[in-house]
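The primary structure of each chain is shown beneath.
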Amino acid sequence: MSRMVYTPPSDGSRWQGLAGLCWLLLTDAVLLSWLALKPVGWSSFLLLLILLATLPVLVHLTMRTWGAFNLEYWLDRNALRIRWAGTCQVIPLHCIRRIIEGVDEMTVRPSVKDWPSPFVRIVEGGEGRRLVRLASVPLDQCLLIETDDGIFAISPADPIGFLEELQALNRLGLSRTLSLVREQPTNYYALATESPAGRWLLLAGLIGCLALFGYLMVLFPDLPEALVFHYNRQGVPDSIRPKNSLFLLPAIGLLTYLTNTLAGLWMRMQGQLSGAYLFWTGSLLVQALSLLALYSLTT
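Thresholds applied
Residues numbered from 1 in each chain as written. Predicted model: local features only at pLDDT ≥ 70, side-chain atom pairs only at ≥ 80, totals over all residues. Heavy atoms only, no water. Core = buried A, V, L, I, M, F, W, Y, C linked by side-chain atoms within 4.5 Å. Buried < 20%, exposed > 50% of the residue type's maximum accessible area, 1.4 Å probe, protein only. Helix = DSSP H or I, 4+ residues; strand = E, 2+ residues; numbered from the N terminus. Axes fitted to C-alpha atoms, helices over the stretch in contact; angles between N-to-C directions. Parallel < 35°, antiparallel > 145°, perpendicular 65-115°, else oblique. Left-handed = near helix turned anticlockwise from the far one by under 90°. Contact = heavy atoms within 4.5 Å. Pairing = 2+ DSSP bridges.

Participant: I keep staring at the nonpolar core and nothing clicks. Help me out?
Facilitator: Within soluble globular proteins, side chains that are nonpolar tend to cluster in buried spots. Membership of the largest hydrophobic core comes to 29 residues, with the highest contact counts inside it found for Tyr-73, Leu-75, Leu-80, Ile-82, Ile-154 and Phe-162. Of all elements in the fold, only strand S2 (72–75), strand S3 (79–84), strand S6 (120–124), strand S7 (130–134), strand S8 (143–146), strand S9 (151–154) and helix H3 (159–172) reach the threshold of two or more residues within this core.

Printed below as a string of structure tokens:
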């Protein structure tokens, strides 16, 4: 099916977002290099925590910068499709009640989470109405598409051509009826944490991983260079290894957490919630045993 593609005016925040993304990646690279060269201790664990804390920010910047670059409006005889980052908002033409020009900006407190792409956001309104902004310009420069589900603000660079094409398609008629939906990749995080038990189990597993590495990294400078890992039946040490070998235990805890998280998520997608809980609880059990082993080897 032929489609007309309309692009929005250039959003200046796209380049700001790209610059911020590059700066954050460079900062993470410096932190990672510093962490690799720094002796293991409480300060290196603090660096590790800072590095991990930047990962959600990195994902956020990547998503919104991607959206700032690829925002497009696809128009065919059945629907308007608005593409932004990995999502696609489908607005069937038969659902459009009217289109009006933009109005003065609503009084909405700006949020850091809406940058870059500051004009892409959802504003909840009264009586179940909401304003979905999928634009690159302020609201007074947008076209407002009113539907029963809410109002969608868009900003094609050629609004006159867009409206003329929309009228022509309406005269042509529909070839099939679509639903007003938002298509997006599966949100695995939301799927895993939609139940309170799943949310707390995964959070506890993450804390368990940090506790394993933190406990060892804080004690590491004061440990002897070689440690006894095993005794024979006569109580004589028969396995002496360098203290670096202790990191095998936190690594096992981390690997178990990652593997069981994915396995539990797969079970959750199959509708087997009890199986998912079993995998996620198993991660905590392995981490608890690893922590006990660390304690016995370091005391």
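Participant: What exactly am I supposed to notice about the packing of helix H2 (residues 42–70) against helix H5 (residues 196–219) here?
Facilitator: For any two helices packed against each other, one specifies the inter-axial angle together with the distance between the axes. The N-to-C vectors of H2 and H5 enclose an angle of 150°; their axes lie 8 Å apart at closest approach. The angle between H2 and H5 falls in the class roughly antiparallel. Note on packing geometry: the crossing formed by H2 with H5 is right-handed. Judged by residue contacts, Trp-42, Ser-44, Phe-45, Leu-48, Leu-49 and Leu-52 of H2 engage Leu-210, Phe-213, Gly-214, Met-217 and Val-218 from H5.

Participant: Got a minute to help me understand the pairing of S8 in this structure?
Facilitator: On any regular strand, side chains alternate: one points to one face of the sheet, the next to the other face. Pairing of strand S5 (residues 98–101) with S8, which is carried by four bridges, proceeds in the antiparallel orientation. Its bridge partner being in S8, Ile-100 is matched across the sheet by Leu-144. Where S8 and S9 come together, four bridges link them in antiparallel fashion. Among the inter-strand pairings, Leu-143 is bridged to a residue of S9, identified as Ile-154. Joining the antiparallel neighbours S8 and S9 is a turn of four residues, in which Gly-150 adopts a positive phi near 155°.

Participant: Explanation requested: the environment of Ile-154 in the structure shown.
Facilitator: If you trace the backbone, Ile-154 turns up in strand S9. On the basis of relative accessibility, which here comes to 0%, the residue Ile-154 falls in the buried class. It is 7.9 Å that separates the C-alpha atoms of Ile-154 and Ser-136, two residues lying 18 residues apart in sequence. Setting aside residues no more than four positions away along its own chain, Ile-154 makes contact with Tyr-73, Leu-80, Ile-82, Leu-134, Ala-135, Cys-142, Leu-143, Ile-145 and Phe-162.

Participant: Quick question: what am I supposed to make of the pairing of S3 here?
Facilitator: The buried fraction of S3 amounts to five of the six residues, a majority that puts the element mostly inside the structure. In the sheet, S2 pairs with S3 via four bridges, with the strands oriented antiparallel. Counterpart to Tyr-73 in the pairing with S3 is Ile-82. Taking the residues between adjacent antiparallel strands as the criterion, S2 and S3 are bridged by three residues. Here six bridges tie S3 to strand S4 (residues 87–92), and the two strands are oriented antiparallel to one another. Residue Ile-82 lies in a different strand from S4, and its bridge partner there is Gln-89. Between S3 and S4, which pair antiparallel one after the other, the connecting turn spans two residues, and Ala-85 there sits at a positive phi close to 55°.

The values reported here are purely geometric and, on their own, carry no functional implication.
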